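# Structure assessment
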Amino acid sequence: MAAAETKMDTFVITGMTCANCSARIEKELNGQPGVVNATVNLATEKASVKYEGTTTEKLIQSVENIGYGAILYDEAHKQKIAEEKQAYLKKMLFDLVLSTILTLPLMLSMIAMMLGSHAAIVHFFHLPIVQLVLSTPVQFYVGARFYKGAYHAIKTKAPNMDVLVAIGTSAAFALSIYNGFFRGHPQDLYFESSSMIITLILLGKYLEHTAKTKTGNAIKQLMSLQTKTAQVIRNGKEETLAIEEVVVGDQLVIRPGEQIPADGRIISGSSAIDESMLTGESLPVEKNPDDTLFGGTINTNGLLHMAVTQVDKQTVLAQIIQMVEDAQGSKAPIQKIADRISGIFVPIVLVIAFITLVATGLITGDWQLALIHSVSVLVIACPCALGLATPTAIMVGTGVGARNGILIKGGEALEAAAHLDSIVLDKTGTITEGKPKVTDLVGSKEVLSIFYTLEQASEHPLGKAIVEYGKLQEAATYDMIDFTAHPGAGISGTINGVRYFAGTRKRLIELNLSFDEYQEHALELEQQGKTVMFLADEKQVIGLIAVADQIKQEAKQAIKQLQDKGLDVFMLTGDNKLAAETIGKQVGIDPMHIFAEVLPEDKAAYVEKLQKDGKKVGMAGDGINDAPALALADVGMAMGSGTDIAMETADVTLMNSSLASIAQTIELSRMTLRKIKQNLFWAFVYNTIGIPFAALGFLNPIIAGGAMAFSSVSVLLNSLSLNRHMKK
């Protein structure tokens, strides 16, 4: 029998109000038959579920059974989700306005009476029947959400914030009815307290929801880069089509100033392309025929014709959006602390509230005062800030990274990067450009011209570097006949009746040609890690060219930044020890931290060795052979210019391939972790200090309600402040 297919789906969850809600839904989903793993994020209001042998319908039903809503997050439902979120926010705003209008007269009249006013209007609003009429819609219509949530929470034996609010406000409301209509004590009414608590909590929730939309701005900004239409040439005619109708192989016309609709390659034309949305780099990139174009980037100045190679979810932009969404929905290990605490927090608060009621009543003999103190405990203890502390910071942190060309796969990677103490850098493509260039010419201009003529017929990468250098030096081109390529050794050709050879030392030895005159110079260049190509005629060596991979311009400064942050920087390379140390010296890496003559398949072993020495290791690379090391490292960082395999394996992708982005990533992760710790600290402190104050009667229910509501908002604002630290 075939094994069931494992699927991964995301659901938008509605009706969550606090950390206990997300914990309860997570527990319910993980308890469903066939569910491998489920995580619920309060900040993004999404559940990620890995499952096999069950259906999305059953998963949605399990969420609905405990009083919440779930909608499958896919293309077919995105419009419905957007509409429902908009409707929910609109309903919340309506309830808030209604609640404010009904509560305001009660609050103002109470304040006026406390200030000694005896106006008729003040006495009117203090009549029990008037207060009952005004507060009843607030308590039972606006506050219905709390009663509904409390019912499902108690039903599933997982009390949450709704239970605290429902019990607290109901107690104040019931006491007011008793005092006003049965005891005949109209001066002891608390209708305004129960109404104000509901209004303030609702205000906090509304502000929280609107602030949450700002934490998700990175996704919206990326999505806005997806164009809706494209100019397609079909049957020899140019026509405007919806982007959904564009298929692989279509030819598109991109005019100056237009966004590129899909991934592809240039057929004709040249232009500078603004790729800042992908890389974070503001300088446009020059593109010519056969170069790759990415959807969402902007054509700045030239007319381009391109062939489409990727559409829809296969485009780089779509994959980036998905990666950022997944990261924002993930959990950091530190969040487990908050999850565990919030799971036991509400039952403890209920016990404290009950003890407060009994103890205050017995000590003072005033059971009305005891009830008010108990209500204050219930109201101030809502663990909303605790639940939002981690996910909001992760959402903002990953969003800030995405805007700067740093794609972080999840909260775990974001947190792990903050603890790194060592960085291993692959040399080629990370410290160096990965593109060979001519560094030295030993010989006359005539030597360069002969090299240039020979190499124009070659396909070898080193040959291309010589041709590029020849163009820059405006070298002459001669007529050549009898061109021959000698694989692994070099090339030869006849120019002006003379046979010339360009190639390696091995080829010269085979031809019995002496190069004693150039031996010392060649060895010196080779010891610097450069590849030496000799030029000889039929009698002797007449010159040489050295080609080397160039060190990235920012490498030295970027490595110093990492070292200034307290990290040990290591370099891995297949070069010989002397050449490796020469490069290491140029970029400021300690010779003891250079691993030379490393075989591609052994890179992971060096990462493992450092880990066994107790180090937290980050690895940066760009090639297929880097993938095992990237996967093994505590945090793998792939250069965006590298292979897809490297990027899929890594925890972080640096779209601009800049070494400076490694330091930025670590700084961002440290700042994000700092924000999480600040958020958790203030959430803990708030509850730890607030509950005793409320129990001892220093906080009335209204102040407690306001403090609880705005604690959540303060956590969100603290997380959003990350935006100020890293700007383009």
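Bear in mind the structure is a predicted one, so any value in this text is a computation, not a measurement. (Residues numbered from 1 in each chain as written. Predicted model: local features only at pLDDT ≥ 70, side-chain atom pairs only at ≥ 80, totals over all residues. Heavy atoms only, no water.)

## Examining the UniProt feature "transmembrane region" (unreviewed entry) in the protein chain
The UniProt feature table records "transmembrane region" (unreviewed entry) at residues 93–115, 121–142, 163–183, 189–207, 341–363, 369–389, 679–696 and 702–722. Taken end to end, residues 163–183 has its terminal C-alpha atoms 28 Å apart, with 95% of it in helix and 0% in strand. Taken end to end, residues 679–696 has its terminal C-alpha atoms 26 Å apart, with 94% of it in helix and 0% in strand. (UniProt positions renumbered as here; feature names shortened; annotations may be inferred. Helix = DSSP H or I, 4+ residues; strand = E, 2+ residues; numbered from the N terminus.)

## Topic: the packing of aromatic side chains
Under the criterion given, the structure shown has eight aromatic pairs. An angle of 75° between the planes, with centres 5.1 Å apart, marks the rings of F681 and W682 as edge-to-face. On the basis of relative accessible area, F681 is assigned to the partly exposed category, the value being 46%. Taken together, the ring pairs connect F140, Y147, F173 and F191 into an aromatic cluster. The aromatic ring of Y73 is capped on one face by K46, whose charged end is 4.0 Å from the ring centroid. (Phe/Tyr/Trp six-rings, centres within 6.5 Å; stacked < 30°, edge-to-face > 60°. Buried < 20%, exposed > 50% of the residue type's maximum accessible area, 1.4 Å probe, protein only. Lys NZ or Arg CZ within 6 Å of the ring centre and 35° of its normal.)

## Overview of the sheet that holds strand β7 (residues 251–254)
Spatial ordering of the open sheet is given by β6-β5-β7-β13-β8-β11, a layout of six strands whose pairing is antiparallel. Edge positions in the sheet fall to β6 (237–242) and β11 (292–293), since each has one partner strand and no second. Inspection of the sheet shows strand β8 (residues 263–268) paired to strand β13 (residues 304–310) by five bridges, in the antiparallel sense. Bridged to S268 within β13 is H305. (Pairing = 2+ DSSP bridges.)

## Focus: the nonpolar core
Of all hydrophobic cores here, the largest spans 43 residues; its most connected members are I423, L425, M637 and I662. Apart from residues no more than four positions distant in its own chain, I662 is found in contact with I423, L425, L562, A620, M637, M639 and L654. (Core = buried A, V, L, I, M, F, W, Y, C linked by side-chain atoms within 4.5 Å. Contact = heavy atoms within 4.5 Å.)

## With respect to helix α13 (residues 367–380)
Given a rise of 1.5 Å per residue, 14 residues ought to cover 20 Å, and the 20 Å separating the end C-alpha atoms of α13 matches this to within 8%. Counted residue by residue, α13 has 11 buried out of 14 residues, so it is predominantly covered. All buried positions along α13 are accounted for by Q368, A370, I372, H373, S374, V375, S376, V377, L378, V379 and I380. Residue D366 occupies the N-cap position of α13, its side-chain oxygen lying 3.2 Å from the main-chain nitrogen of Q368. (Expected span 1.5 Å × (residues − 1). Polar contact = N/O pair within 3.5 Å; in protein donor to acceptor, adjacent residues only side chain to side chain.)

## A closer look at the side chain of S194
By secondary structure assignment, the location of S194 is in helix α8 (residues 191–215). S194 gets classed as buried once you look at its relative accessible area, which sits at 0%. Engagement of the side chain of S194 in a polar contact is seen with the backbone oxygen of F191, the distance being 3.0 Å. Contact partners of S194, with chain neighbours within four places excluded, come to Q139, T169, A172 and F173.

## Overview of the pattern of salt bridges
Applying the stated rule across the entire model yields 11 salt bridges. Close ionic contact of R234 with D250 constitutes a salt bridge, the shortest N to O distance being 2.6 Å. Highlighted residues: R234 in strand β5 (residues 229–234) and D250 in the loop between β6 and β7, separated in sequence by 16 residues. R234 sits in the partly exposed class, given a relative accessible area of 26%. For D250, a relative accessible area of 8% translates into the label buried. Among the salt bridges present, the one from R255 reaches E238, with a minimum N-O distance of 2.9 Å. Residue R255 is found in the loop between β7 and β8, and its partner E238 is found in strand β6; the two are separated by 17 residues along the sequence. Owing to a relative accessible area of 33%, R255 belongs among the partly exposed residues under this scheme. By relative accessible area, E238 is classed as partly exposed at 38%. Taken together, the salt bridges that share partners define one network made up of K91, D95 and R145. (Salt bridge = Lys/Arg side-chain N within 4 Å of Asp/Glu carboxyl O.)

## Remarks on the side chain of Q231
Note on placement: Q231 falls in strand β5. Within the local environment of Q231, its side chain forms a polar contact with the side chain of E238, the two groups lying 3.1 Å apart. Apart from the residues lying within four places of it in its own chain, the contact partners of Q231 are E238, E239, T240, Q251, L252, V253 and R255.

## Considering the packing of helix α5 (residues 128–142) against helix α6 (residues 144–155)
Between two packed helices, what matters for the description is the angle formed by their axes and the separation of those axes. It is the contact of α5 with α6, at a shortest axis distance of 5 Å, that shows an interaxial angle of 40°. In terms of orientation, α5 and α6 fall into the oblique class. Contacts from Q139, F140, Y141 and V142 in α5 reach A144, R145 and Y147 in α6. (Axes fitted to C-alpha atoms, helices over the stretch in contact; angles between N-to-C directions. Parallel < 35°, antiparallel > 145°, perpendicular 65-115°, else oblique.)

## Details of the pairing of strand β19 (residues 498–503)
Two faces belong to every sheet, and in a regular strand the side chains alternate between them. Buried residues dominate β19, accounting for five of its six residues. Bridge count between strand β18 (residues 490–495) and β19: six bridges; the pairing is antiparallel. From the neighbouring strand, G490 faces β19, where its bridge partner is G503. Where β18 folds back on β19, the antiparallel hairpin that results is connected by two residues, among which N496 adopts a positive phi of roughly 50°. Of the strand pairs in this sheet, β19 and strand β20 (residues 531–536) are connected by three bridges, and their pairing is antiparallel. What sits directly across from G503, in β20, is F534.

## Comments concerning a nonpolar patch on the surface
On the surface, I121, F124, L127, I129, V133, Y178, F181 and F182 cluster together to form a nonpolar patch covering roughly 830 Å² of accessible area. Secondary-structure elements contributing two or more residues to the nonpolar patch are α4 (120–124), α5 and α7 (161–182). Ranked by the residues each element gives to the nonpolar patch, the list is headed by α7, at three residues. Structurally, F181 is set in helix α7. (Patch = residues over 30% accessible without salt bridge, like charges linked within 9 Å, V, L, I, M, F, W, Y side chains within 5 Å. Areas by Shrake-Rupley, 256 points an atom, 1.4 Å probe, with all protein chains shown as cover.)

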